[in-house]
Amino acid sequence: MSESVPTVEAPRRGLPPTDGEPGFFQKYGMPIIFLAPTLVLLGVWVVYPTIRTIIRSFYDRDGDEFIGLDNYETLFTDDTLVTAIKNNFLWLLIVPAFVTAIGLVFAVLLERIRFSVAFKVVVFMPMAISLFAAGVIWRLMYEKDPSQGTVNAAIAVVKDAVSPSGVLSAAQPSTDDLQGGPAGGLVLEKPLAAGDVAQLGLTGIRSSDVPADAVQAVVPEALAGGITGVVWRDFKPGGGTPGEVEKEELGLPGITVELRGEGGGTVVETQTEPDGTFAFEGIEAGLYQAAIGPDTFSEPYAGVSWLGASLITPAIMMAYIWVWAGFAMVVIAAGLAAIPRDLLEAARTDGATEWQVFRRVTVPLLAPVLTVVFVTMLIYVLKVFDIVISIAPGSVQDDANVIALAMWRTSFGGVNDLGLGAAIAVFLFLLVIPILVLNVRRFRREM
Amino acid sequence: MRYRWLVFALIVGALAFVAAGCGGDDDGGGAEGSEDVTGEISVMAIWSGEEQERFQEVIDGFNELYPNVTVKYTSGGDNLAPLLSTAVEGGNPPDLAAIAQPGLMRDFQGQDAIKPMDNLRDAMVENFGESVADVGAIDGTQYGLFWKGANKSTIWYAVPAFEEAGVEPPETWDQLTEVRDTVAAAGITPYSVGVDVGWPMTDIFENIYIRSAGPEMYDQLANHEIPWTDQSVKDALTLMQDIVGESDNMVGGTEQAVQTEMPASVANVFNDPPKAAMVVLGDFAPAQGEYSLERETGYNVFTFPSIEDSAPAVVGSGDIFVKFRDSPAADAFLEYLTTPESAESWASSGGFSSPNKNLDTSIYPDEITRTTAGALGEAEVFRFDLSDLQPSAFGGTPGQGLFKAFTDFVQNPDDIDGITQQMESDAAKAFGS
């Protein structure tokens, strides 16, 4: 090839060629003029930054000392960064597959329902929202407090229907006389016999949670042949003396008090009066214990900690899948519409079940479209950033970290180590390349 | 933005040249003003908008005493630090600037970019007290004038919650613990904790540490002269457990606290009905949003309680004036800033806390400001926010160093040994490099 290089005449600007051979300018001029703006833009915003980033990744934080591969070593040894890489691989494994599968299911099912357009619009809608905004929405939905987070509120409705929370969920015993916890209820430690008066003081009850019919608590008279007692809110402004029924302290009405025998089983139970008093009349001789059952204290549903360290990555993935399922559905539905109906009909005529038609005919015919969706998602997922930073609270961003977020946080988010940040960027670039090559090859084949 | 700065720098450069040529004699005592001092000086700070107007009033006050000095103020906004660094590198800094980071002041001093102002040291000590004056000192030389402060030694409380529980704002740590227990007995969650990315927890720790270990230890810890594994750190963390150690004491428990961001932690206390009785946060808490409780009658503030009779101490931050170029006019302006008069106009309009001891606190617009700003002036001990004094990789980066360590501490409050070891190894790394 070296000796066969054709000699090209120097271009003569504006002059027509002197002979039949087209000059350099004639041959390449127009393409160059048309390509120049793109080339300049690509050069300034893609090629130069890429090269500069690669060079920068071999320098230290300040950019004036060459440190070889040190940044890359840090990349694979630093805990935070390793977590980011691990998380990113989890994303790669889970999200593209889910998005494609859910998109496929939606697309296939949508062919069979009425109002499919309306449904498509609804599923596709999240695509119209920016990922960041979607992140903010899900962040609010994932709030732990069921009174704020939609997701937990939904769970709480179900949970409270199954096991309602107790009237005094936050209550605590006011003195050590009362033993036990929310699981088994509170038990007055001192054994009681007929004629005794039991005092069951509780604190930690907000005044607004005290039933409206409650009145000043009183210590009841002892009862011959029976056990009496009082359940009261052992608190007055300032605290008061624990264990003593004082002025301004209210009785707790409507509390179920159990009298337990020596074996532990409940002998009899009763409800307290507005002043908190209760009485068990005509009981047999022997020792008993007064208790308030666990139902009274069962806590309201506290909510799943979606934004906590352990669930944050699955939670973000869920939001991401929600956004992208619509995209997958629309693309796959388009592919589905292009499948010749007669093939499906032929399969059905030959006696294939619907599942077999789906599995053996529809899916193979859709394979190219499914690959497009899958590969697109692979690339997007590798670069995932905005939804992670908008959903994960600051305290768990380490646990939710992905490569792109790690790059940003390392370069600009406080660490300000541009060298290490550049190394992360280069690493991400290297990861994307194989998928890009795959994609380009496939495009070529199709053309 | 940058273009404007360039034009500004050119003008300033030219004018400073003129000013240097025709500056009058400095006769020392400037409190009563002088018509002899002439020239023009440029000042930069972050204040913009309303704050800029307030600072312009300060300049007007100065001009009443020095009619022949022109002070040109330019706001650098949030980009002040990079703007100044660039200007210093380009050789065209303003005459004076107010910066919020002591670290930046040290950087400038290392580059010989700022001038000493030892001549003002006496006036500063007299007006601000020694420990505030020391904020601007580097190795015994005065390079900065700490003029506008922020008080981080405050605890905010919901008045209805305190009334319902029948408690009064505490003055000592033991009383605070009692208040916590009484409030809890009344069925109200005592604390709203917003771990955010971790910095609000460092503020709580610093406030405990300066009281339990004392200001000298605080300085040593700030300079990493004692390790984070020191017993004093462990003791302070043990005290801190009283606030963040018990899940039931925090709104939504530990899990929720870790996910709560700072503004939300304020809203828990400042909204009706309050979800918690107290939030430990600096004087900037009310500025985080709109709240349904009224100022003072609905939410109020008390000073971080003393621990075992510790002297009134304030951990804070604020703006420090530094001088890039010597001139009689610049000296006159700095001297004016040491006087209580310089703080009066802004203090009376609100949004300003002066560390000046000689400023009459009755000038502040309301009771809350009198408490927060007054404490700043009355503090026997003032220290700059410790995490702000650390290398940023250790003290200022989410997910790293102190921020991460305190997030871990809230989640795992009993592992004091592990946490302090983690702090120490992170600190050693940051100080080593």
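Residues numbered from 1 in each chain as written. Chains lettered and ligands numbered in written order. Predicted model: local features only at pLDDT ≥ 70, side-chain atom pairs only at ≥ 80, totals over all residues.

**Quick notes on the overall build of chain B**
Check the secondary structure of chain B and you find 19 helices and twelve strands. Expressed along its principal axes, the backbone C-alpha trace of chain B runs to roughly 70 × 50 × 40 Å. Here chain B holds 433 residues, and 54% of them are scored as buried. Contacts in chain B between residues at least 24 apart in sequence constitute 74% of all its contacts with a sequence separation of at least 6. (Helix = DSSP H or I, 4+ residues; strand = E, 2+ residues; numbered from the N terminus. Buried ≥ 20, exposed ≤ 12 C-beta atoms within 10 Å, placed from the backbone. Contact = placed C-beta atoms within 7 Å.)

**Things to note about the sheet that holds strand S1 (residues 172-173) of chain A**
Residue and element names in this part refer to chain A. Pairing is mixed across the open sheet formed by four strands, whose spatial order is S1-S4-S5-S8. Strands at the two margins of the open sheet, each flanked by one partner only, are S1 and strand S8 (277-280). With four bridges joining them, strand S5 (residues 227-233) and S8 adopt antiparallel strand pairing. In the sheet register, Thr228 faces S8, and the bridge partner there is Ala279. (Pairing = 2+ DSSP bridges.)

**With respect to helix H16 (residues 367-378) of chain B**
Residue and element names in this part refer to chain B. Here H16 is twelve residues long and its end C-alpha atoms lie 15 Å apart, about the 16 Å a rise of 1.5 Å per residue gives. Of all twelve residues making up H16, nine are buried, and the element is well covered by its neighbours. Burial in H16 covers these residues: Ile368, Thr369, Thr371, Thr372, Ala373, Gly374, Ala375, Leu376 and Gly377. Tucked into the core, H16 has its buried residues touching strand S6 (144-151), strand S7 (154-158), strand S10 (299-303) and strand S11 (313-323). (Expected span 1.5 Å × (residues − 1).)

**So, the nonpolar core**
Most often, soluble globular proteins keep nonpolar side chains buried together rather than apart. Core analysis: the largest hydrophobic core is formed by 136 residues, its most contacted members being B:Tyr157 and B:Phe333. The contacts of B:Tyr157, once residues within four sequence positions are left out, are B:Phe162, B:Pro169, B:Val269, B:Ala277, B:Met278, B:Tyr299, B:Asn300 and B:Phe302. One finds A:Leu104, A:Ala325, A:Leu366 and A:Val396 within the second-largest nonpolar core, a separate group that totals 59 residues. (Core = buried A, V, L, I, M, F, W, Y, C linked by C-beta atoms within 7 Å.)

**Notes on the environment of A:Thr277**
All names here are of chain A. Tracing the chain through its elements places Thr277 in strand S8. Classification of Thr277 by C-beta neighbours within 10 Å gives buried; the count is 21. Considered as a pair, Thr277 and Ala198 are 79 residues apart in the sequence and their alpha carbons are 9.5 Å apart.

**Details of unusual backbone geometry**
A cis amide bond links B:Asp272 to the next residue, B:Pro273, at an omega of -5 degrees. Within the element layout of this structure, B:Pro273 appears in the loop between helix H13 (262-270) and strand S9 (276-280). Here the phi dihedral of A:Phe115 falls at roughly 55 degrees; this positive angle occurs in a residue that is not glycine. Following the sequence through the fold, A:Phe115 ends up in the loop between helix H3 (79-110) and helix H4 (116-124). Taking the number of C-beta atoms within 10 Å as the measure of exposure, A:Phe115 has 9 and is therefore exposed. With phi around 60 degrees, B:Asp309 is a residue other than glycine that occupies positive phi space. Residue position: B:Asp309 is located in the loop between S10 and S11.

**Points about the packing of H3(A) against helix H12 (residues 403-411) of chain A**
Residue and element names in this part refer to chain A. For the pair H3 and H12, interaxial distance at closest approach is 8 Å and the crossing angle is 150 degrees. By the angle between their axes, H3 is roughly antiparallel relative to H12. On the side of H3, the interface is formed by Thr80, Leu81, Ala84, Ile85 and Asn88, while H12 contributes Ile403, Leu405 and Ala406. Its residues assigned to classes, the contact of H3 with H12 shows six nonpolar, two polar and no charged. (Axes fitted to C-alpha atoms, helices over the stretch in contact; angles between N-to-C directions. Parallel < 35°, antiparallel > 145°, perpendicular 65-115°, else oblique. Nonpolar A, V, L, I, M, F, W, Y, C, P; charged D, E, K, R; others polar.)

**Looking at the sheet that holds S9(B)**
Residue and element names in this part refer to chain B. Taken in spatial order, the four strands make up an open sheet running S8-S9-S7-S10, and their pairing is mixed. Since the sheet does not close on itself, it has two edges, and those belong to strand S8 (189-191) and S10, each with one partner. Each strand of the sheet is rotated relative to its neighbour by a mean of 20 degrees, with strand direction disregarded. Where S8 lies against S9, two bridges are found, and the strand directions are parallel. Looking at S9, one finds that Thr189 is bridged to Ala276. Relative to S9, H13 is tilted by about 145 degrees, and along the sheet it contacts S7, S9 and S10. Seen against the sheet, H16 touches S7 and S10 and runs at an angle of roughly 20 degrees to S10.

So, to be careful, I would describe these as geometric facts and stop short of saying anything about function.
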